[in-house]
Amino acid sequence: MEGAPEWFSGNDVQKYLTYEDLIPIIEGALASFSQGHAGGVLQPVRMSMGIEEHKGVFLVMPAYSSKDNALATKLVSLYPENSAVGLPSHMGVIVLFDPVHGAPKAMMDAEVITGMRTAAASAVATKYLAPENSKILTVIGAGVQAITHIQAIRQVCKFEEVRIWSRTFSKAQKVADEFGCVACKTIEEAVKDADVITTVTMSKTPVLNAEWVRDGAHVNCVGACVKDWQELDPALMKKADVYADTKEAALKESGDIIMSGVEVLCEIGELVLGTKKADRNATTVFKSMGMAIEDVVSAKLVYDKKHGSSSTSSQ
């Protein structure tokens with residue numbers, strides 16, 4: 001192999017990645033994934049390994065898109081207690097390969113891509129599931145994912161008010177001051193009459209009660225990415241129409257789905273393709289699992305923008 005793969009720091013990634021470019025790319029990738037073989041996406045369910053003595057999880061997430069001519073894998077750790085020592089809960093790298101000959105051509109810090117591509121997928125789900133003329137967005141949590149979700153979801157809906165709640169009120173207030181939101185002292189206050197609610201917490205037990213959520217609201221459930229964690233009240237899951245980015249992974253790995261025993265109606269990609277249609281008057285939940293193909297197309301977008309190439313929308 002000639003030469004080392006090119007390194008992209010988090011600052012490098014931020015320089016080239018914008019929601020204006022990323023959301024359509026993620027929308028296309030979701031559609032291609034849901035097309036099955038015809039979509040040209042190869043993506044096994046991610047490998048997860050618990051590091052129990054340090055209360056962490058290590059994940060390996062490979063994928064390939066023939067439409068985008070993109071091959072990559074993400075290696076990422078999830079350590080929920082890292083905030084106590086001033087470190088991010090998620091850290092990792094994405095390795096981008098030449099799909100023709102298999103040579104690694106770039107390594108990228110995964111934090112920025114993970115935050116932005118996850119939020120972009122929630123923005124796509126919100127585009128297809130949120131009530132028409134949604135006015136109020138609530139975000140539960142005040143970490144990196146809260147910030148990226150505020151930024152991304154504002155791209156698809158023109159909200160009159162954005163509210164935020166965190167277990168630590170000062171954190172919610174800091175985000176509110178920076179991004180023009182309202183910090184709330186209770187979750188019940190934050191979600192009252194909200195049209196779109198996004199949960200981005202590290203909670204292992206439900207934080208959002210069914211009776212607090214108005215009928216017809218849309219919920220993006222982003223945390224609780226392992227099978228014994230929950231963010232949502234099972235009663236809320238049972239009264240909602242439930243969607244996912246990947247049905248296979250959601251049924252195997254999502255505690256909110258497994259522990260409530262609900263069905264996944266379809267994947268967001270099927271809504272993008274038009275093969276399925278959502279009832280936007282119903283209460284809806286998008287269970288975000290986070291998919292490797294989202295990392296792959298995001299990494300390729302960054303690489304192509306730096307080198308003056310054009311990334312292909314998978315749709």
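Heads up: these notes are all about the structure in this document. (Residues numbered from 1 in each chain as written. Predicted model: local features only at pLDDT ≥ 70, side-chain atom pairs only at ≥ 80, totals over all residues. Heavy atoms only, no water.)

1. Considerations on the pairing of strand β7 (residues 104-109)
Pairing of strand β1 (residues 6-8) with β7, which is carried by three bridges, proceeds in the parallel orientation. Residue pairing across strands places Glu6 opposite Ala106, the latter belonging to β7. Note that strand β6 (residues 90-97) and β7 share five bridges and pair antiparallel. Bridged to Ile94 within β7 is Met108. The hairpin formed by β6 and β7 contains six residues between the paired strands, and Gly102 there has a positive phi angle of roughly 85°. (Pairing = 2+ DSSP bridges. Helix = DSSP H or I, 4+ residues; strand = E, 2+ residues; numbered from the N terminus.)

2. Quick notes on the nonpolar core
By size, the foremost hydrophobic cluster in this structure holds 58 residues, and its most contacted members are Val13, Leu17, Met108, Ile113, Ile268 and Leu271. Every element with two or more residues in this core is listed here: α2 (19-34), β4 (56-65), β5 (70-78), β6, β7, α3 (110-129), α10 (268-273) and α11 (292-307). Contact partners of Met108, with chain neighbours within four places excluded, come to Trp7, Phe8, Val13, Gly92, Val93, Ile94, Leu96, Ile113, Ala299, Val302 and Tyr303. Of all hydrophobic cores here, the second largest spans 29 residues; its members include Ile187, Ile197, Ile257 and Val262. (Core = buried A, V, L, I, M, F, W, Y, C linked by side-chain atoms within 4.5 Å. Buried < 20%, exposed > 50% of the residue type's maximum accessible area, 1.4 Å probe, protein only. Contact = heavy atoms within 4.5 Å.)

3. Some remarks on unusual backbone geometry
Of note, Lys55 is a non-glycine position whose phi angle comes to about 55°, a positive value. Relative accessible area serves as the criterion here: at 53%, Lys55 is assigned to the exposed category.

4. Quick notes on the side chain of Thr284
Assignment of secondary structure puts Thr284 in strand β15 (residues 284-287). A distance of 2.8 Å separates a polar atom in the side chain of Thr284 from a polar atom in the side chain of His218. Those residues in contact with Thr284, other than ones at most four positions away along the chain, are Leu129, Ala217, His218, Val219, Ala240, Asp241, Tyr243 and Asp279. (Polar contact = N/O pair within 3.5 Å; in protein donor to acceptor, adjacent residues only side chain to side chain.)

5. A look at the pairing of strand β3 (residues 47-51)
Direction of pairing for β3 relative to β4: antiparallel, over a ladder of five bridges. Note that in β4 the partner of Ser48 across the bridge is Leu59. From the end of β3 to the start of β4, which pair antiparallel, there are four residues, and Lys55 there has a positive phi angle of about 55°.

6. Concerning the sheet that holds strand β12 (residues 218-221)
Sheet strands line up and pair through hydrogen bonds in the backbone, either parallel or antiparallel. Taken together, the eight strands give an open sheet; going across it, the order is β10-β9-β8-β11-β12-β15-β13-β14, and neighbouring strands pair in parallel fashion. Looking at which strands have only one partner, the edges of the open sheet turn out to be β10 (182-183) and β14 (266-267). With four bridges connecting them, β12 and β15 associate as parallel partners. Residue pairing in the sheet places Cys221 in a bridge with Lys287 of β15. Where α3 meets the sheet, its contacts fall on β11 (196-199), β12, β13 (241-244) and β15, and the angle it forms with β12 comes to roughly 160°. (Axes fitted to C-alpha atoms, helices over the stretch in contact; angles between N-to-C directions.)

7. Some details on the environment of Ala72
As for its position among the elements, Ala72 is in strand β5. In this structure Ala72 comes out as buried when scored by relative accessible area, which is 4%. When the C-alpha atoms of Ala72 and Val297 are compared, they prove to be 8.8 Å apart, with 225 residues separating the residues in sequence. Discounting residues that sit within four places of it in the chain, Ala72 has contacts with Met61, Pro62, Ala63, Ile94, Val95, Leu96, Phe97 and Val296.

8. Digging into the packing of α2 against α3
In a packed pair of helices, the relevant descriptors are the angle between the two axes and the axis-to-axis distance. Two numbers describe how α2 lies on α3: the axes approach to 9 Å, and their chain directions differ by 70°. Judged by the inter-axis angle, α2 sits roughly perpendicular to α3. The residues of α3 that touch α2, namely those facing Tyr19, Leu22, Ile23, Ile26, Glu27 and Leu30, are Met116, Arg117, Ala119, Ala120, Ala121, Ala123, Val124, Lys127 and Tyr128. Its residues placed into classes, the contact of α2 with α3 shows 12 nonpolar, no polar and three charged. (Parallel < 35°, antiparallel > 145°, perpendicular 65-115°, else oblique. Nonpolar A, V, L, I, M, F, W, Y, C, P; charged D, E, K, R; others polar.)

9. Some remarks on the environment of Gly290
In this fold, Gly290 is placed in the loop between β15 and α11. Setting aside its immediate chain neighbours within four residues, Gly290 contacts Arg46, Met61, Arg117 and Asp245.

All quantities given are derived from atomic positions and should not be read as evidence of function.
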